[in-house]
Amino acid sequence: MNKKEFARRRQRLIDIMGEDSIAVLPNAKVSTRNRDVDYIFRSDSNFHYLSGFDEPESVLVIVPGRPHGEFLIFCRERDLDKEIWDGYRAGQEGAIEKYGADDSYPYSDLNDILPGLLEGKEKVYYTMGNVPTFDHRMVGWLNHLRNASRQGMHSPTEIVELDHVLNELRLFKSSAEIKAMRTAAEISVHAHIRAMQFTQVGKWEYQVEAEIIHEFMKNDCRSPAYPSIVGGGENGCILHYIENDHKLKNNDLLLIDAGAEYDYYAADITRTFPVNGKYTPAQKALYNLVLDSQKAAIAEVKPGNHWNQPHEAAVRVLTEGLLELGLLNGKLETLIEKEQYRKFYMHRTGHWLGMDVHDVGDYKIGGEWRLLEPGMVLTVEPGLYVRNPENIAKKWHFIGIRIEDDVLVTKTGNEVLTQGAPKEVDEIEALMAAVKL
Ligand code: GLY
Ligand code: MN
Ligand code: MN
């Protein structure tokens, strides 16, 4: 993402905030994995969205109309000793030169400088609860101003939820964002193809995961967007299975839900295919049902349709199919109304996708499902999971299937960003019958 993109985002926020206001946004904290070992740091998505600045111990401040500049970064100072151990720091000069801050101060000076920036403003855009240690400091600064009102200081009168404003901006992707999402999608497609080429009876789930990560990293994605789900057989029925430590068995399906993060943007793809390369008739019947429901749901992704229409379409096709296969009994409309399908399909058909895999943005406005608009990106991911096989024929037991694609709403309909990942039975079987990795 270039500097102009970040500047455009800040300007949009400034336009919404208006004068007499200030936004304060602390970055995420480093978290500990175990003694002396930290998880790799990743900026808070909103923080990155506004700045592109990715160091811990940093705070963004935006002050519309400030004569000396509207965009401030508090960050760590340069420190040769620390940089020898832990890596490069931009410092205050770097924050200005590389990231376009108008002013930058040491993180350790927050207590001295921030109250002065808050003073005299009416509205503070901030999100309580994201970084509790920072909340505590913020409350302290605001209390200090309130107590000093007798000396003529003016303390803010309104705290506004910053996340809510940013969530709405992030929901609509710019062309630069769509480009990054296309790249994340493309790389993830290749990772799924590689997984299909590699999979064989007797391999371990984590060995398949290794092929996926290899493909991500080789193509400039330092990390998956979320821990990959690689579940053979009945593990495919565990929606967020990440142990990935079982051996793959003959006649089982393998469900892989994996997506790369490219330049802070996520892909989120699921494919379900046979470990030995050939679906059993029962697996094929359920698989094609999920596939039909997914296609029906994708067809509902277009401007003017509301958020829940793809889900409603998927539920209808799945319920019809479960009736036909004898997995549900009763009247179609009653089964849908009473949500009987939930025994086999217990999650929703999708979510917004962007910098966070479950991305931000409201699904309802004024109590009604919101309408889809060009520039929104969502997943479409129906599934079926035969988890409780009581009173169900053995051939269906513990089959878990999900098919997930990433879909951009366009002016005229939609574009499936992940369509390169095979999902027709014939395509998958042909790919798996070809040369193995
Ligand atoms: N990978 C998480 C999800 O599909 O929602
Ligand atoms: Mn998803
Ligand atoms: Mn997924």
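All residue numbers refer to positions counted from 1 along the written sequence of the respective chain. To label them, take the chains in the order written and letter them from A, then take the ligands in the order written and number them from 1. Selection of residues for local features in this predicted model requires a pLDDT of at least 70, selection of side-chain atom pairs for listing and counting requires 80 or more, and totals for whole chains, interfaces and linings are taken over all residues. Think of the side-chain values as coming from all heavy atoms in the structure, minus any hydrogens and water.

Remarks on the coordination of the manganese ion (ligand 2)
Atoms are scored as donors when they are N, O or S and lie within 2.8 Å of the metal, with 3.2 Å used for Na, K and Ca; no water is included, so coordination may look incomplete. Coordination of the manganese ion (ligand 2) by the protein involves Asp268 (OD), His351 (NE2), Glu381 (OE) and Glu404 (OE), with metal-donor separations of 2.0 to 2.2 Å. In short, tetrahedral needs four donors with all angles between 85 and 135 degrees, square planar needs four and octahedral six donors with opposite donors over 155 degrees apart and all other angles between 65 and 115, and whatever is left is irregular. For the manganese ion (ligand 2), the 6 donor atoms in the first shell make angles of 50 to 154° at the metal, so the coordination geometry reads as irregular. For the manganese ion (ligand 2), the single-chain donor residues occur in sequence as D-x82-H-x29-E-x22-E. Between the manganese ion (ligand 2) and the manganese ion (ligand 3), a spacing of 3.3 Å is present, and a bridge between the two is formed by Asp268. With Glu381 in the loop between strand 17 (377–380) and strand 18 (383–385) and Glu404 in the loop between strand 19 (400–402) and strand 20 (405–409), this pair connects stretches of sequence that are 23 residues apart. The numbering of helices and of strands both runs from the N terminus, where a helix is a DSSP run of H or I of at least 4 residues and a strand a run of E of at least 2.

Comments concerning the coordination of the manganese ion (ligand 3)
Four donors placed tetrahedrally around a metal ideally meet at 109.5 degrees, and six donors placed octahedrally ideally meet at 90 or 180 degrees. Here the manganese ion (ligand 3) is held by Asp257 (OD), Asp257 (OD), Asp268 (OD) and Glu404 (OE), and the distances to it run 2.0 to 2.3 Å. Read in sequence order, the donor residues coordinating the manganese ion (ligand 3) give the pattern D-x10-D-x135-E.

A closer look at unusual backbone geometry
At Asp220, a residue that is not glycine, the phi angle is positive and equals roughly 75°. Notably, Asp263 is not glycine yet its phi reads approximately 50°, a positive angle. Relative to the elements of secondary structure, Asp263 occurs in the loop between strand 12 (260–262) and strand 13 (265–266). We classify Asp263 as partly exposed; its relative accessible area is 32%. Type-normalised accessible area, obtained with a 1.4 Å probe on protein chains alone, sets the label of each residue: buried when under 20%, exposed when over 50%, and partly exposed for intermediate values.

Looking at the sheet that holds strand 6 (residues 103–106)
If you trace the 6 strands from one edge of the open sheet to the other, you get 6-5-4-1-7-8, paired in mixed fashion. The open sheet has two free edges, formed respectively by strand 6 and strand 8 (158–161), since each of these has just one partner strand. Neighbouring strand axes in the sheet, compared pairwise and without regard to direction, differ in orientation by 20° on average. Whether two residues are in contact is decided by their heavy atoms, any of which lying within 4.5 Å being enough. Here the axes come from fitting lines to C-alpha atoms, over the contacting stretch only for helices, and the angles between their N-to-C directions go from 0 to 180 degrees. Packed on one face of the sheet, helix 1 (residues 3–17) meets strand 1 (21–26), strand 4 (59–62), strand 5 (71–75) and strand 7 (123–126) and runs near 55° to strand 4. Against the sheet, helix 7 (residues 162–171) touches strand 1, strand 7 and strand 8, its axis set at about 35° to strand 8. Note: two strands are recorded as paired if DSSP finds a minimum of 2 bridges between them.

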